[in-house]
Amino acid sequence: MKRRRIPFFFQGERGKRNKKIILGVAVVIAVIVLVLALRPEQTLFDTPEIARIQSSGTLVVAVRNDMGGFCMDGTGLEAELATILANRILPELEGDSPVKLVEVSSKGAATVLTGGDVDAAIALMVEGGNSAFLYTQPYYTDDVVFATVGSHELDVTDMLVGGIINSTSYSKAERLKQDEKGNTLMNMKGYSSYPDMLEALVRGDIETCVMPGAYFDRYCEQYGLTEYKTLEDELPYSIAFNSEDEAVRAIADIMLSELIQDGELARMIQKYGLKR
């Protein structure tokens, strides 16, 4: 059996010194790697995207300002997330309102984000709903509700006529139209807005409509809606960014991870009464 030869640079007194030098270098490299692994956010601040926001002194965020619990009159879960993100990117301005909220409609968030009018959109945007944008992990997961009017009973033995908003990311999901056995239950009719769809429901043009829980809660009292069926935790809402703003998205994702891990996001959701 051959003995393994010790490399010459590890032999003798000089070898001992070389071992110490190599060990010292290895320790330094390990520390650097560990620091970078534990503080990945630090490297993200040295990017053009962050420099642009910091030079302006304001994080501009698109929000819905008409959805109770999420954002209404500048208050709600999405408004608070916008403020936390702004304070993270612009810590030296914390307390001086480094965030500017831009009110948008249900379809307007994509428009202002594409046009570069805002830095981010926290406006009930479904994760992955538009391939042109980058998304964080979800900050809230909503239900899908099948709504009817009043105490109207649906005859599920016949084919139902249901309404849905054309632009919704789940509008083509076949499982929404089927029962547990895969039998088709309804034909879908598309509408351009929630008021148009709900007025059709009240008139009797359709028998049910499919909508996120957030919108059901908003219009429930106004149109006298009741839940016929609910699919829980179907719609993940995420913060959206332009495709070139990867660094900003990454910082927002780190922020959300921390809020989730320490339970703060759950407390915020409870504070604004969002769990149905």
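So, here is what we can say about the structure in this document. (Residues numbered from 1 in each chain as written. Predicted model: local features only at pLDDT ≥ 70, side-chain atom pairs only at ≥ 80, totals over all residues. Heavy atoms only, no water.)

## Points about the overall build of the chain
If you tally the helices and strands in the chain, you get nine helices and 12 strands. For the chain, the proportion of its 276 residues judged to be buried stands at 42%. For the chain, the proportion of contacts with a sequence separation of at least 24, taken over those separated by at least 6, is 75%. (Helix = DSSP H or I, 4+ residues; strand = E, 2+ residues; numbered from the N terminus. Buried < 20%, exposed > 50% of the residue type's maximum accessible area, 1.4 Å probe, protein only. Contact = heavy atoms within 4.5 Å.)

## Observations concerning the layout of surface pockets
For the second largest pocket, the calculated volume is near 180 Å³. Within the residue set of the lining of the second largest pocket, elements represented by two or more residues are β2 (66–67), β7 (140–149) and α7 (213–223). By residue number, the principal contributor to the lining of the second largest pocket is α7, which donates four residues. Each residue belonging to the lining of the second largest pocket can be placed in one class, and the counts come to six nonpolar, four polar and six charged. (1 Å grid on protein atoms, 1.4 Å probe; cavity = no way out; pocket = protein on both sides within 12 Å on 5 of 7 lines; lining within 4 Å. Points joined across faces, edges and corners; volume = space filled by probe spheres on them. Nonpolar A, V, L, I, M, F, W, Y, C, P; charged D, E, K, R; others polar.)

## Examining the side chain of arginine 64
Counting through the fold element by element, arginine 64 comes out in the loop between β1 (59–63) and β2. Among the residues examined, arginine 64 registers a relative accessible area of 3% and is labelled buried. Among the polar contacts made by the side chain of arginine 64, one reaches the side chain of aspartate 66 at a distance of 3.0 Å. Engagement of the side chain of arginine 64 in a polar contact is seen with the side chain of tyrosine 215, the distance being 2.5 Å. (Polar contact = N/O pair within 3.5 Å; in protein donor to acceptor, adjacent residues only side chain to side chain.)

## Notes on the pattern of salt bridges
For the structure on display, the rule yields 10 salt bridges. Of the charged contacts, one joins aspartate 245 and arginine 52 as a salt bridge, the two residues approaching to 3.4 Å between their closest N and O atoms. One end of the pair, aspartate 245, is in the loop between β12 (240–242) and α8 (246–261); the other, arginine 52, is in helix α3 (residues 48–56), and 193 residues separate them in sequence. For aspartate 253, the salt bridge identified is with arginine 249, shortest N-O distance 3.3 Å. Of this pair, aspartate 253 and arginine 249 both sit in helix α8, four residues apart, roughly one helical turn. A relative accessible area of 19% means that aspartate 253 is categorised as buried. Arginine 249 sits in the buried class, given a relative accessible area of 15%. Residues joined in a network through salt bridges with shared partners are Arg52, Asp119 and Asp245. (Salt bridge = Lys/Arg side-chain N within 4 Å of Asp/Glu carboxyl O.)

## Considering helix α6 (residues 194–203)
When we look at burial in α6, the residues that qualify are Tyr194, Met197, Leu198, Ala200 and Leu201. Buried residues along α6 cover an arc of 155 degrees about the axis, so they all sit on one side. Of the surrounding elements, those touching the buried residues of α6 are β7, β8 (160–165), β9 (186–191), β10 (208–212), α7 and β11 (225–237). Phi turns positive one or two residues past the end of α6, at glycine 204, with a value near 95 degrees. (Arc of directions from axis to C-beta.)

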